[in-house]
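Examining the three-dimensional arrangement
One letter stands for each residue in the lines below.
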Amino acid sequence: MVVQSKHFLNTAPSLVLDSLEGLCAINTHLALDPIHRVVYLGDQDRSKVALLCGGGSGHEPSHSGFVGQGALTAAVCGNVFASPSAGQVRRAIDLIDNEKGTIIVVKNYTGDVLNFGLAKEEYAARYPDKADRVKFVIVGDDVAVGRTQGNIVGRRGLAGVCLVYKIAGALAQTGASVDEVYDVAQYVSSRLGTIGVGLDHCHVPGTAVPDTHLGANELEIGLGIHNENGHRRVSPVPPLNELIPTLLEMITSTTDRERSFVPFKNDGTDRVVLLVNNLGGLSELELGGIVAEVKRALDKSGIKIIRLLSGSFMTSLNMPGFSITMLLLPAANDTGTPSADLILSLLDDSTNTPGWKWSSRSVPKPPFVSSSLPTATHAKAWSASLKAPDINQFNNAVERACRALITAEPEITRMDNIAGDGDCGLTLKGGATAVLEALGKNSISGNDVLGSVITISRIAEDAMGGTSGALYSIFFSALAQALAKSPSSIATQEVWCTALEAALDRLYTYTRARPPSRTLVDPLAAFIGELPSGLAAAVEAAREAAEGTKDMEAKAGRSAYVDSIKLKAERVADPGAWGVKVVVEALAQ
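Residues numbered from 1 in each chain as written. Predicted model: local features only at pLDDT ≥ 70, side-chain atom pairs only at ≥ 80, totals over all residues. Heavy atoms only, no water.

- The name an unreviewed UniProt entry gives the protein chain is Dak1 domain-containing protein, with Suillus subaureus as the organism.
- The record in UniProt for the protein chain states the following under Sequence similarities (unreviewed entry): "Belongs to the dihydroxyacetone kinase (DAK) family." (UniProt positions renumbered as here; feature names shortened; annotations may be inferred.)

Following this line, the structure appears as structure tokens:
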């Protein structure tokens, strides 16, 4: 089933026009013909060539988001995934009528080609003296569609068309003739290759939720931007460093008889403009990782990235997927073609179109790491020598506590999915795993209790992170400070009691949580308060405090933002408090 099938809207039929009104409200240089759903430049320079595009809605920011100086002059918007009518397109041609001519750019889909083509022919019949000043460019950059199938329908138009908008639009802005703009648009179109991949299909508002038959651990290579079936499905979902080379090979191959659409040489001289496009449902976090992996793969293959663009250019509503587009730049010795310098300068030219993403306008460089930054070195910072009464018992207790946390991870995660943000179990498991590794390396040992506590503090900061990591790190740092002040060389129960009380007091300076608060502080404070009466009593107090969070209203922590009625109805314990309970119970076994 599709990932998301709920939407924010008034009604499904009104969504497109509502969205266009919002676009024009944000971007005051844009105008809207609401009847024909045409977005156009309100201050068009009619002494220059105009660019017109459009198609079905649902691909935002394409197409309306690319209207602006140095890009499209107008965009015609159909219903979601449906071509606009020829009448809408004719209205757009009239709205942007000018002295030099108009270039119509369409993606290669049957409805778009027919309706925009019909409008062009009707315009030419009505104004025969202007017939030669309206040109038609069809962009088909999808490499998932092989030659056998493509001979019938041609390659589909995907995100590569956005590069045509920008380059041709910038050239038109310079005052170039309609033939010059047309020739460059055609050339750029012929040098494009795009491949898309999706984890699932998108959902069209107002329609039934489709069953895509894509498994939970399956992806589809070549998935179309209108939910068309792709080239093939892959299961399980491979890591990026395996998936990306496969996708790039489909664009750059010169031996695949079904493809080899773009004349790559693959000899180390190829130079490209790279566009990594979010199909609508990916997080920025994932998209950044995809960009990094694509760059690594191209660097390894010898293909040089001259410009790198990333973001949402051509989406498919909320589809969880991405596409990779490469524009192969002309070589220095190519003749009869636009120069690479011209193409890059047009790509880099400023534009006020809302859909165009910022770029550095330069060759991407490796991530900056300064070799001149000083590396801090620290000698052992503590002089106190503090050992456990029984070194093996100390080590075994630490190991038991870590393994207990790892075992409890699914249950703690279940609790946090209800009471928090779902990461507490994995956070604690990550810390426990790192402590086990340190224990195996003798970085944690009962032979050096103070050093062990400091190591655990650092692990909490590095391996856990987030709020839990900070709280644990502060607590163990404070505990280490208190232990360092002990006059004893043996970590007796009395030494632990004094140091733990001091550490809790220090922790209180950084959190408002006080028992009862439905946080990890509840069992922690209960344990420390009862420890003078013995370990068994302290563990029982911590257990009762953790259990008590099931019926408690949160006063601090992430649970404070969750509906208290829901928490009480679920009777789920605070996950952080449960983690403390798991630790102290294991320590006392």
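Quick word on the overall build of the protein chain
- Per the secondary structure count, the protein chain includes 18 helices and 12 strands.
- Taken over C-alpha atoms, the radius of gyration comes to 31 Å for the protein chain, far larger than the 25 Å a tight globule of 589 residues would show.
- Overall, the C-alpha framework of the protein chain stretches about 100 × 55 × 45 Å when taken along its three principal axes.
- Contacts in the protein chain between residues at least 24 apart in sequence constitute 72% of all its contacts with a sequence separation of at least 6.
- Of the accessible surface of the protein chain, which amounts to about 26600 Å², a share of 53% is contributed by carbon and sulfur atoms. (Helix = DSSP H or I, 4+ residues; strand = E, 2+ residues; numbered from the N terminus. Rg over C-alpha atoms; globule rule 2.2 N^0.38 Å. Contact = heavy atoms within 4.5 Å. Areas by Shrake-Rupley, 256 points an atom, 1.4 Å probe, with all protein chains shown as cover.)

Regarding the packing of aromatic side chains
- Taken as a whole and assessed by the stated rule, the structure comprises seven aromatic pairs.
- Taking 6.4 Å as the distance between ring centres and 70° as the angle between the ring planes, the aromatic pair formed by Phe66 and Trp356 counts as edge-to-face. In this pair, Phe66 sits in the loop between strand E3 (50-57) and strand E4 (74-80) while Trp356 sits in the loop between helix H9 (340-348) and helix H10 (391-419), placing the two residues 290 residues apart along the sequence. Residues Phe66 and Trp356 agree in their burial class; the two are buried.
- With centroids separated by 6.5 Å and ring planes inclined at 15°, the aromatic side chains of Tyr472 and Phe476 adopt a geometry described as stacked. Here Phe476 and Tyr472 lie together in helix H13 (residues 466-484), a separation of four residues that amounts to about one turn. The pair formed by Tyr472 and Phe476 is uniform in burial state, with each residue classed as buried.
- Taken together through their ring pairs, the aromatic side chains of Phe66, Tyr165, Phe313 and Trp356 make up a single cluster.
- For the cation-ring pair, Lys135 lies above Tyr182, with the distance from its terminal atom to the ring centre recorded as 5.7 Å. (Phe/Tyr/Trp six-rings, centres within 6.5 Å; stacked < 30°, edge-to-face > 60°. Buried < 20%, exposed > 50% of the residue type's maximum accessible area, 1.4 Å probe, protein only. Lys NZ or Arg CZ within 6 Å of the ring centre and 35° of its normal.)

Thoughts on the pairing of E3
- With eight of eight residues buried, E3 is to be regarded as a mostly interior element.
- In terms of strand pairing, E3 meets strand E5 (residues 102-107) through three bridges, oriented parallel. Bridge pairing in E5 places Leu52 opposite Ile104. (Pairing = 2+ DSSP bridges.)

Details of the sheet that holds strand E7 (residues 192-198)
- Taken together, six strands build an open sheet; the order of strands is E9-E8-E7-E12-E10-E11 and the sheet is mixed. Two strands in the sheet have a free side with no partner beyond their single neighbour: strand E9 (232-234) and strand E11 (304-311). Neighbouring strand axes in the sheet, compared pairwise and without regard to direction, differ in orientation by 20° on average.
- Against the sheet, H9 engages strand E10 (271-278), E11 and strand E12 (321-328), with an angle of about 20° to E11. (Axes fitted to C-alpha atoms, helices over the stretch in contact; angles between N-to-C directions.)

Observations concerning the nonpolar core
- With 63 residues, the main nonpolar core has Ile444, Phe475, Leu479, Leu483 and Phe527 as its most contacted residues.
- Listed by contribution, the elements that provide at least two residues to this core are H10, helix H11 (424-440), helix H12 (449-464), H13, helix H14 (493-508), helix H15 (521-530), helix H16 (535-548) and helix H18 (575-588).
- Per-element accounting of this core gives the leading share, nine residues, to H10.
- The residues contacting Ile444, other than those within four sequence positions of it, are Phe394, Asn395, Val398, Val435, Ala438, Leu439, Ser452, Thr455, Ile456 and Ile459.
- By size, the runner-up hydrophobic cluster in this structure holds 59 residues, among which are Cys53, Leu163, Val184 and Leu329. (Core = buried A, V, L, I, M, F, W, Y, C linked by side-chain atoms within 4.5 Å.)

A few points about the pairing of E4
- Counting buried positions over the seven residues of E4 gives five, a clear majority of the element.
- When strand E2 (residues 38-41) meets E4, the two strands line up antiparallel, connected through three bridges. Bridge pairing in E4 places Val38 opposite Val76.
- Where E3 and E4 come together, five bridges link them in parallel fashion. The residue bridging Leu52 from the neighbouring strand is Ala74, located in E4.

Details of empty space enclosed by the protein
- What the rule picks out here adds up to two cavities of 30 Å³ or more.
- The volume enclosed by the largest cavity comes to roughly 140 Å³.
- Leu41, Val49, Gln69, Thr73 and Gln173 are the residues nearest the centre of the largest cavity, which is lined by 16 residues in total.
- Looking at the lining of the largest cavity, the elements that each hand over two or more residues are E3 and helix H5 (161-173).
- Split into classes, the residues belonging to the lining of the largest cavity amount to seven nonpolar, seven polar and two charged.
- Here the second largest cavity is characterised by a volume of approximately 60 Å³.
- Of the residues assigned to the lining of the second largest cavity, the class counts are three nonpolar, three polar and three charged. (1 Å grid on protein atoms, 1.4 Å probe; cavity = no way out; pocket = protein on both sides within 12 Å on 5 of 7 lines; lining within 4 Å. Points joined across faces, edges and corners; volume = space filled by probe spheres on them. Nonpolar A, V, L, I, M, F, W, Y, C, P; charged D, E, K, R; others polar.)

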